[in-house]
Amino acid sequence: MRYFKPDFELHHFSDITVEWLERNNIQTIFSDLDSTLASHDLPAGDELRNWINMLKEHNVQLVIASNNSQERVDRFCDPFTIIGFGHCKKPTAGEVKKHMRAINAKEETSLFLGDQLFTDIWCGKRVGIKTALVKPIGQEHEPIQIVFKRKIENWVKKRW
Ligand SMILES: [Mg+2]
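Fair warning: this is a prediction, and the values are worked out from it, not measured in the lab.

Trainee: Which residues make up the packing of aromatic side chains, and what values do they have?
Mentor: Considering all chains together, one arrives at 6 aromatic pairs under this definition. Look at F4 and F118: their rings are 5.0 Å apart centre to centre, the planes differ by 85 degrees, and that puts the pair in the edge-to-face class. Of this pair, F4 sits in the segment before strand 1 (8–9) while F118 sits in helix 5 (residues 117–127), placing them 114 residues apart in sequence. F118 carries the same exposure label as F4, and that label is buried. Ring centres of F13 and W51 lie 5.1 Å apart, and the angle between their planes is 55 degrees; on these two criteria the pair is classed as tilted. Residue F13 is found in the loop between strand 1 and helix 1 (18–23), and its partner W51 is found in helix 2 (residues 46–57); the two are separated by 38 residues along the sequence. Classification of F13 as buried rests on a relative accessible area of 2%. Look at W51 and you get buried, because its relative accessible area is 4%. Through pairs of rings, three or more aromatic residues link up here, namely Y3, F4, F118 and W122. Seen from the ring of W122, R126 lies directly overhead, with NZ or CZ sitting 4.3 Å from the centre.

Conventions used here
Residues numbered from 1 in each chain as written. Predicted model: local features only at pLDDT ≥ 70, side-chain atom pairs only at ≥ 80, totals over all residues. Heavy atoms only, no water. Phe/Tyr/Trp six-rings, centres within 6.5 Å; stacked < 30°, edge-to-face > 60°. Helix = DSSP H or I, 4+ residues; strand = E, 2+ residues; numbered from the N terminus. Buried < 20%, exposed > 50% of the residue type's maximum accessible area, 1.4 Å probe, protein only. Lys NZ or Arg CZ within 6 Å of the ring centre and 35° of its normal.

Here's what the structure looks like:
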């Protein structure tokens, strides 16, 4: 079960501060969207807006990597002028690796940020980059299949 253990366990994306990024030498963040940065299918809040601005000011590139539709990803990304990819097929690594190459991101300075072990963290590990797990945002909005996955995740977490 240790295989699934992320490099970092955080409460919230805002735990990623300028100091944290410098300490861990992160220059690119591949992030899940739903329940990681915003409630499922809902737009971004003020806190997220400030966080994205902080990343931009420090030249840390944020790239959305979601299994949701490209339309959902575009609706989210466009106001921030950040790039994002839908249908990423996480936990497989192929799509994310392809996007990584396209923007010239390096394994050593990239992070995968997400709220699901068997989707986001597993994907990040397969890609070969650092991984950070956050507590899901707005769980009351989550579809039933994700609620079920949470139960399995909790079982695994008790065993690492
Ligand atoms: Mg998610």
